[in-house]
Every structure is written in C-alpha cells, then in structure tokens.
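Commentary on secondary and tertiary structure
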Amino acid sequence: QVQLVESGGGLVQAGGSLRLSCAVSGRTFSNYAMGWFRQAPGKVREIVAAISWSGGSTDYADSVKGRFTISRDNAKNTVYLQMNSLKPEDTAVYYCAAKRLVLRDYVPRTPEGMDYWGKGTLVTVSS
C-alpha cells in the first residue's frame, strides 16, 4: 500500500516562506510523477506544481510561477514544495499526490487521474 504524508504547513505572514515535504512509502517512488495540489474553503482542488519521475520536467500554476519551486529526492522518497513570497490567497490545504505507470517526462496537470493522495497539510497566510 502506498502512503503519502505531507508536513511543513503552518501559519506564516504574507511575504514569508514555507517548505512542504511529502514522504512516500510502499512502492517505487522514483517511478511516480508527483504533484502538489491545494484546496481553499469553498473552492475546487487545483494543481499548484508537478514534477516528472525523472525530475527533469516541472510545471506550475500561473498563480505561483516565480514564487514556488517543486523538487524531489528519489533517494529519500520525498517531494518538496518551496513556497516564497506567500500571499493570503495561498491559504489552503495542500495535498501531494502520485501517479504511477507514466512516461519519464510526464507531468500531471489536473487532480483527476492521480493514483494516490496524502491527507493534506494546512497553510495559512496572514495579511
């Protein structure tokens, strides 16, 4: 059974930074494309950033480009999301998710079709 556990969320002032981590266990992490998603109250879940299993391809939502960076360490079975210059509108529950059986440079772009999900970590940005 694959398990994803997010950590690193919390309360931060606008302009601050947080680093989220997602530890993956149970299967071959290096074969999974990974994504970070978020869901704010009353809104649909949206993709924030994603990375191919090779780590060579990434993609970001327009709203976070230039502020967030996704990375992965296949030796540690962990994917990260470095969030800088945080804004109140970044407040949400952040989830990591994995998609298996993908091509080397495949990057997820929607929540649909992801195979495994974590339970989420809350990020609150105060103004």
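Now for a description of the structure that goes with this document. Here the structure is a predicted model, which means the values were calculated and not measured.

Taken as a whole and assessed by the stated rule, the structure comprises 1 disulfide. There is a disulfide in this structure between Cys22 and Cys96, and the S-S distance comes to 1.9 Å. A torsion of 45 degrees about the S-S bond marks the disulfide between Cys22 and Cys96 as right-handed. Taken together, the positions of Cys22 in strand E3 (residues 18–25) and Cys96 in strand E9 (residues 92–99) put the pair 74 residues apart, joining distant regions of the chain.

Spatially, E1-E3-E8-E7 is the arrangement adopted by the 4 strands of the open sheet, whose pairing is antiparallel. Two strands in the sheet have a free side with no partner beyond their single neighbour: strand E1 (3–7) and strand E7 (68–73). Sheet twist, expressed as the mean angle between neighbouring strand axes with direction ignored, is 15 degrees. When E3 meets strand E8 (residues 78–83), the two strands line up antiparallel, connected through 6 bridges. Within E8, the residue paired with Cys22 across the bridge is Val79.

What follows concerns unusual backbone geometry. Although it is not a glycine, Ser85 sits at a positive phi angle of roughly 50 degrees. Considering the arrangement of structural elements, one finds Ser85 in the loop between E8 and E9. The class of Ser85 is partly exposed, set by a relative accessible area of 40%.

As enumerated under the stated definition, the model contains 3 aromatic pairs in all. Taking the centre distance of 5.9 Å and the plane angle of 45 degrees together, the rings of Tyr32 and Tyr116 count as tilted. Highlighted residues: Tyr32 in the loop between E3 and strand E4 (33–39) and Tyr116 in strand E10 (residues 116–117), separated in sequence by 84 residues. For the pair shown, Tyr32 and Tyr116 are each scored as buried. Taking 6.4 Å as the distance between ring centres and 80 degrees as the angle between the ring planes, the aromatic pair formed by Tyr95 and Trp117 counts as edge-to-face. Here Tyr95 is found in strand E9, whereas its partner Trp117 is found in strand E10, with 22 residues between them in sequence. Note on Tyr95: relative accessible area 13%, which makes it buried.

Positionally, Arg100 belongs in the loop between E9 and E10. The partly exposed category is assigned to Arg100, whose relative accessible area is 37%. Sequence spacing of Arg100 and Tyr116 is 16 residues, and the spatial spacing of their C-alpha atoms is 8.7 Å. When neighbours within four sequence positions are excluded, Arg100 is seen to be in contact with Asn31, Tyr32, Asp115 and Tyr116.

Reading guide: rules and limits
- Residues numbered from 1 in each chain as written.
- Predicted model: local features only at pLDDT ≥ 70, side-chain atom pairs only at ≥ 80, totals over all residues.
- Heavy atoms only, no water.
- Disulfide = S-S within 2.5 Å.
- Helix = DSSP H or I, 4+ residues; strand = E, 2+ residues; numbered from the N terminus.
- Pairing = 2+ DSSP bridges.
- Axes fitted to C-alpha atoms, helices over the stretch in contact; angles between N-to-C directions.
- Buried < 20%, exposed > 50% of the residue type's maximum accessible area, 1.4 Å probe, protein only.
- Phe/Tyr/Trp six-rings, centres within 6.5 Å; stacked < 30°, edge-to-face > 60°.
- Contact = heavy atoms within 4.5 Å.

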